[in-house]
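# Secondary and tertiary structure notes
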Amino acid sequence: YEEVYFYPKDYPEYYLQLTREATFRKKTSTGRFVFIELQWAPLPSIFNFPYHNEYFFSNTRSLKIIGEEINTPGLEQHLIILLIHHGIADLWRNLKHVFDIAMFCQRYKDAIRWDIVEEYIRKEKFVVNAKVGIQLCEILFGVQIPLLSSLPHEDLKTEIALKSLLQYPLLVKSKKS
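None of these values were measured; they are calculated from a predicted model. (Residues numbered from 1 in each chain as written. Predicted model: local features only at pLDDT ≥ 70, side-chain atom pairs only at ≥ 80, totals over all residues. Heavy atoms only, no water.)

## Looking at the overall build of the protein chain
For the record, the criterion: By the criteria applied, helices consist of DSSP H or I runs no shorter than four residues and strands consist of E runs no shorter than two, each listed in order from the N terminus. For each residue, the accessible area found with a 1.4 Å probe, counting protein chains only, is set against the maximum for its type, and the residue is called buried under 20%, exposed over 50%, and partly exposed in between. For accessible areas, the Shrake-Rupley method is used with a probe of radius 1.4 Å. Any residue's cover is judged against the shown protein chains and nothing else.
Regarding its fold elements, the protein chain presents 7 helices and 5 strands. What you see in the protein chain, going N to C, is helices and strands ordered as β-α-β-β-α-β-β-α-α-α-α-α. Per-residue burial over the protein chain gives 37% buried out of 177 residues. Of the roughly 11,600 Å² of accessible surface on the protein chain, a fraction of 57% belongs to carbon and sulfur atoms.

Here it is as structure tokens:
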């Protein structure tokens with residue numbers, strides 16, 4: 001695999017402090033590329049959003065991947081990471097991000113402890129942003145998410161997010177769609 005983005009050798013400290021991901025690619029025998037994206041935080045540090053890896057990695061679950069047991073964030077922590085990444089970093093701009101949340105919530109609806117997720121959202125004060133994402137999941141994919149249901153709908157903000165989201169081409173080959 002080769003790095004997709006070039007960073008000079010004297011940038012590692014800067015790179016790790018201000019970014020959150022690295023992308024690598026490998027060309028297959030058919031000429032297509034396989035991309036791997038490694039992310040170590042859902043937001044760049046310059047967002048100054050309170051995010052603590054200690055919390056996410058002290059609440060893990062074990063998955064077996066190619067015969068190896070791997071600790072990954074728990075379902076609740078995984079959902080929180082997705083909400084932060086897709087909602088705050090990307091402002092609900094990509095249909096695939098809303099789809100990620102909708103399918104994750106639908107698949108694990110009976111296993112997720114919704115009270116843990118809601119408590120975190122309220123504590124870190126991204127209620128409105130999360131509520132917009134939840135409403136987008138309901139509007140676009142019909143997935144009901146039992147979070148923040150006691151709060152009024154964010155109709156105007158959700159309408160703005162929906163219009164912005166639907167302005168992007170839905171079927172293109174780039175990674176960003």
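## Quick word on the pattern of salt bridges
Side chains that differ in sign of charge can pair as their charged atoms come close. Applied cut-off: Salt bridges are defined by distance alone: a side-chain nitrogen of Lys or Arg within 4 Å of a carboxyl oxygen of Asp or Glu.
Evaluated as defined, the whole model comprises 6 salt bridges. Of the charged contacts, one joins R25 and E2 as a salt bridge, the two residues approaching to 2.6 Å between their closest N and O atoms. Of this pair, R25 sits in strand β2 (residues 21-27) while E2 sits in strand β1 (residues 2-3), and the two are 23 residues apart along the sequence. We classify R25 as partly exposed; its relative accessible area is 28%. Residue class for E2 comes out partly exposed when judged on its relative accessible area of 39%. In this structure, R113 and D115 form a salt bridge, with 3.0 Å as the shortest nitrogen-oxygen distance.

## Thoughts on the packing of aromatic side chains
Quick note on the threshold: Only the six-membered ring of Trp is used, alongside the rings of Phe and Tyr, when aromatic pairs are assigned; centres must lie within 6.5 Å, and planes under 30 degrees apart are stacked while those over 60 apart are edge-to-face, with the rest tilted. Counting as a charge over the ring demands two things of the Lys NZ or Arg CZ atom: a distance within 6 Å of the ring centre and an angle within 35 degrees of the ring normal.
A full pass over the atoms with the stated rule returns 8 aromatic pairs. Between F33 and F35, the ring centres sit 6.1 Å apart and the planes meet at 45°, which makes this aromatic pair tilted. Take F33: its relative accessible area is 33%, and that puts it in the partly exposed class. Overall, the relative accessible area of 47% leaves F35 in the partly exposed class. Here F49 and F126 contribute two aromatic rings whose centre-to-centre distance is 5.5 Å and whose plane-to-plane angle is 75°, an arrangement assigned as edge-to-face. In this pair, F49 sits in the loop between β3 (33-39) and α2 (53-57) while F126 sits in the loop between α5 (114-123) and α6 (127-141), placing the two residues 77 residues apart along the sequence. As far as burial versus exposure is concerned, F49 and F126 are alike and both buried. Grouping aromatic residues by their ring pairs yields a cluster made of F49, Y55, F56, Y120 and F126. Of note, R61 hangs over the ring of Y108, and the distance from its end group to the ring centre comes to 5.5 Å.

## Details of the pairing of strand β4 (residues 60-65)
Cut-off, in case you're wondering: Two strands pair if DSSP finds at least two bridges between them.
Bridge count for β4 against strand β5 (residues 68-73) is 6 bridges, and the pairing is antiparallel. Residue pairing in the sheet places K64 in a bridge with E69 of β5. With antiparallel pairing between neighbouring strands as the criterion, β4 and β5 make up a hairpin whose turn holds 2 residues, including I66 at a positive phi of roughly 50°.

## Concerning the sheet that holds β2
Across the sheet, 3 strands lie side by side as β1-β2-β3; this open sheet has antiparallel pairing. Pairing within the sheet leaves two strands with one partner each, and these edge strands are β1 and β3. As judged from the 2 bridges shared by β1 and β2, these two strands associate in the antiparallel manner. In the strand pairing of β2, E2 is matched with R25.

## Re the nonpolar core
For the record, the criterion: Throughout, nonpolar core names a set of buried Ala, Val, Leu, Ile, Met, Phe, Trp, Tyr and Cys residues whose side chains join them through atoms within 4.5 Å. Contacts between residues were defined by any pair of non-hydrogen atoms, one from each residue, lying within 4.5 Å.
With 40 residues, the main nonpolar core has L79, I84 and L147 as its most contacted residues. Elements with a minimum of two residues in this core: α3 (75-89), α4 (95-108), α5, α6 and α7 (155-166). In this view, I84 contacts P42, L43, F49, Y51, F56, A89, Y120 and F126; residues no more than four positions away in its chain are not counted.

## Focus: unusual backbone geometry
At L91, a residue that is not glycine, the phi angle is positive and equals roughly 50°. For L91, the location among the structural elements is in the loop between α3 and α4. Positive phi outside glycine occurs at W92, with the angle close to 55°.

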